[in-house]
Structure formats: C-alpha cells, structure tokens
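Secondary and tertiary structure notes
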Amino acid sequence: MLIDEVLVKKLEEIEDPGELMAELFRQFGNRAAIGTSGQWSGVALIDMVIRAGITKPNVYTVDTLRLFPETYDLMRELERRYTIKIKKAVPDFNAVSKMVRDHGEMIFFNSKAKQEYCCKIRKVDPNNRILNTLDVWITGVRADQSNSRSQVKRVDIVTHMEENGMERPLLKVTPLINWTEEDVKDYAKKHRVPTHKLLEIERDGWHYASLGCIICTTPIGPHESRRAGRWRWFNYALNDDHKECGLHLPRKYE
Ligand code: SF4
C-alpha cells in the first residue's frame, strides 16, 4: 500500500474514529497498530475499533519496566474484556544495564539531557523497534494535551528511521486529535470501557492528568498545567511543551 498524500486525503474524509481505524486495519492488517499507555484516549481507541468490526486489532504498549501497578492491571483487564493480546515493547536489557552502570538508577533527576536519555532507552527505542514492523502508527494524542500536541495532524506522514539508518514514510494517525478529555471520558463511561484507576482518583482538586513511569509522575494540583506532574522537578524551568519523552516528536517525511 502506497503511503502518499492521496491516501492521506482519502483517510481524512472518514470522520468516525472507529471507521477510520477499521479502514486502516483492513488496508494494512498487522502493519497497523494502536500504541497506548492506557490513558483515556488509548483505551477508547481499542473499544472504538472493535465496535467498528476489527475483532483482533494489533495493539501494543511500551513497558518501561517502571510503570504503575495499576497500568499493568489495566492492560490485563483490557486483554480480558476484549479478548485481545497487547504486545509489550520492553527496553533492551544491555542498554539499560549500561545506562545504570554509567549513571546510576535515578539518572533522570540530574538533568533534562539525562531524563531524555533514560526515556530514549526505556521508551523511544522500544517504540521504534515496534515501528520497524509497522506502516501505520495509531495513537491517542489529543490537541488539548499541550501546545505542541495541538499542532499534530489527524493523519500525517512522518519519517521513521530503521535500525540500519534508512528513512521511510510512516502513517501516523491520531483519530481523537480533536476530542477533548471530557469527550473521551464520556465515551468511556457510556461504553463501560476499562479505564486506568489512577485517572479516576481526585482529592481536593489533586488528580493525575497524565501517566508515565512511577517515579517521574505525580498528580497535579487544581491550578497546575496538564503536564506539571511529569518530571515535576523541572517545573521551575520547563513548560508543558518541553515535557515530552520524545515519542511524539517525529519529523515530517519529505
Ligand atoms: S519517565 Fe522517567 S523513568 Fe520513565 S523512561 Fe522517562 S526518565 Fe526514565
């Protein structure tokens, strides 16, 4: 299947997120996959595509080996509920060992560069190894998550670099880009989609708005920005746009 602007235009005409994903799975089979960390949009995507008739969608998650126990519980619950298998992309053992040997276990407190290095080893590289097997990467990114995410297109052609350094086009699809968090929550409630338990807890206005690894994620207060709870120790210097692990910063394919 040729990945070009003609295809993008055709796909953009499919308004319903479930139908859009179903069309992608029909055209690309297991060369398409939903990548989810178990947050509101990701779980809704799984429900939507199954309702649209794809009973065994290709779904994966990046398991940094430092996730919340509730995240692992949710993945098991999703597998049971939808009778699917969620692939786990894990970090390379030797790369993690080298990182810990060179910099220690808590590398991410030291500097932004070291946090990005840890995210590369534990998240970005495992995700890239999955992308090596794909032509279509479906994600739950939404425009209301940050300014940088509001620039993301619903259907886009981005650059994927294989391990041998060769670059090729990859279709990146964000079916819920224009949905708000409330829209997705309403959908999950209406369709009784299994959701992440931590996202449902709220105490005196404090709640989790975004989830990652245990140590690098805290709840946010009533007047804090969405990603203030991620790598909180950098808040004095960085705004939400610079609080990314690197997964969603692909280059446009030209
Ligand atoms: S979120 Fe923290 S522990 Fe997880 S990969 Fe990034 S820096 Fe490492």
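An account of the accompanying structure is given in this report. (Residues numbered from 1 in each chain as written. Predicted model: local features only at pLDDT ≥ 70, side-chain atom pairs only at ≥ 80, totals over all residues.)

The number of helices and strands found in the protein chain is eight helices and eight strands. Radius of gyration (C-alpha) of the protein chain: 18 Å, near the 18 Å computed for a compact globule of 254 residues. Each of the three principal axes of the protein chain carries a C-alpha extent, and together these read 45 × 45 × 35 Å. Looking at the protein chain as a whole, 36% of its 254 residues qualify as buried. In the protein chain, the proportion of contacts linking residues at least 24 apart, taken out of those at least 6 apart, comes to 69%. (Helix = DSSP H or I, 4+ residues; strand = E, 2+ residues; numbered from the N terminus. Rg over C-alpha atoms; globule rule 2.2 N^0.38 Å. Buried ≥ 20, exposed ≤ 12 C-beta atoms within 10 Å, placed from the backbone. Contact = placed C-beta atoms within 7 Å.)

A few words now on the site of the ligand. In the neighbourhood of the ligand, 13 residues make up the surrounding shell, with F108, C118, R122, C213 and C216 lying closest. Along the lines of polarity and charge, the residues of the shell around the ligand split into seven nonpolar, three polar and three charged. (Near = placed C-beta within 6 Å. Nonpolar A, V, L, I, M, F, W, Y, C, P; charged D, E, K, R; others polar.)

A few words now on the sheet that holds strand β6 (residues 167-173). Ordered by their spatial adjacency, six strands build an open sheet running β3-β2-β1-β4-β6-β5, and the pairing between neighbours is mixed. Both edges of this open sheet fall to β3 (86-89) and β5 (155-161), since each of them pairs with a single strand only. Averaged over all pairs of adjacent strands, the angle between their axes in this sheet comes to 35°, without regard to strand direction. Here strand β4 (residues 136-139) pairs with β6 via three bridges, running parallel. Note on β6: the bridge partner recorded for W137 is K172. Along the sheet, helix α3 (residues 40-51) contacts β1 (32-35), β2 (59-62) and β4; its crossing angle with β1, the most-contacted strand, is approximately 140°. (Pairing = 2+ DSSP bridges. Axes fitted to C-alpha atoms, helices over the stretch in contact; angles between N-to-C directions.)

Take N239: it is sitting in the segment after β8 (206-207). The partly exposed category is assigned to N239, around which 14 C-beta atoms lie within 10 Å. Sequence separation of N239 and G165 is 74 residues, and the distance between their C-alpha atoms is 32 Å.

Before going further, it helps to spend a moment on the nonpolar core. Counting residues in each nonpolar core, the largest one holds 40 residues, and the members touching the most others are M21, L24, A44, L45, I46, V49 and I138. The set of elements that each furnish at least two residues to this core consists of α2 (17-28), β1, α3, β2, α4 (69-82), β4, β6 and α8 (181-190). Ranked by residues supplied to this core, first place goes to α3 with seven residues. Contacts of I138, omitting those with residues within four sequence positions, involve M21, L24, A32, A33, I34, G35, L45, V173 and P175. (Core = buried A, V, L, I, M, F, W, Y, C linked by C-beta atoms within 7 Å.)

Once that is clear, we can look at the environment of N147. Along the chain, the position of N147 falls in helix α7 (residues 147-150). For the pair N147 and P57, spaced 90 residues apart in sequence, the C-alpha separation works out to 30 Å.

Structurally, W233 can be placed in the segment after β8. The partly exposed category is assigned to W233, around which 13 C-beta atoms lie within 10 Å. Distance in space between the C-alpha atoms of W233 and C216 is 9.0 Å, their sequence separation being 17 residues.

In this structure, β2 lies alongside β3, joined through four bridges in parallel fashion. Its bridge partner being in β3, Y60 is matched across the sheet by K87.

Below, the discussion takes up the packing of helix α5 (residues 93-103) against helix α6 (residues 112-131). Packing of α5 against α6 brings their axes to within 10 Å, and their N-to-C directions diverge by 165°. Classed by the angle they form, the pair α5 and α6 counts as roughly antiparallel. For the pair α5 and α6, the sense of crossing is left-handed. When α5 is examined against α6, the residues A95, V96, M99 and H103 are found in contact with a partner set consisting of K114, Y117, C118, I121 and D125. (Parallel < 35°, antiparallel > 145°, perpendicular 65-115°, else oblique. Left-handed = near helix turned anticlockwise from the far one by under 90°.)

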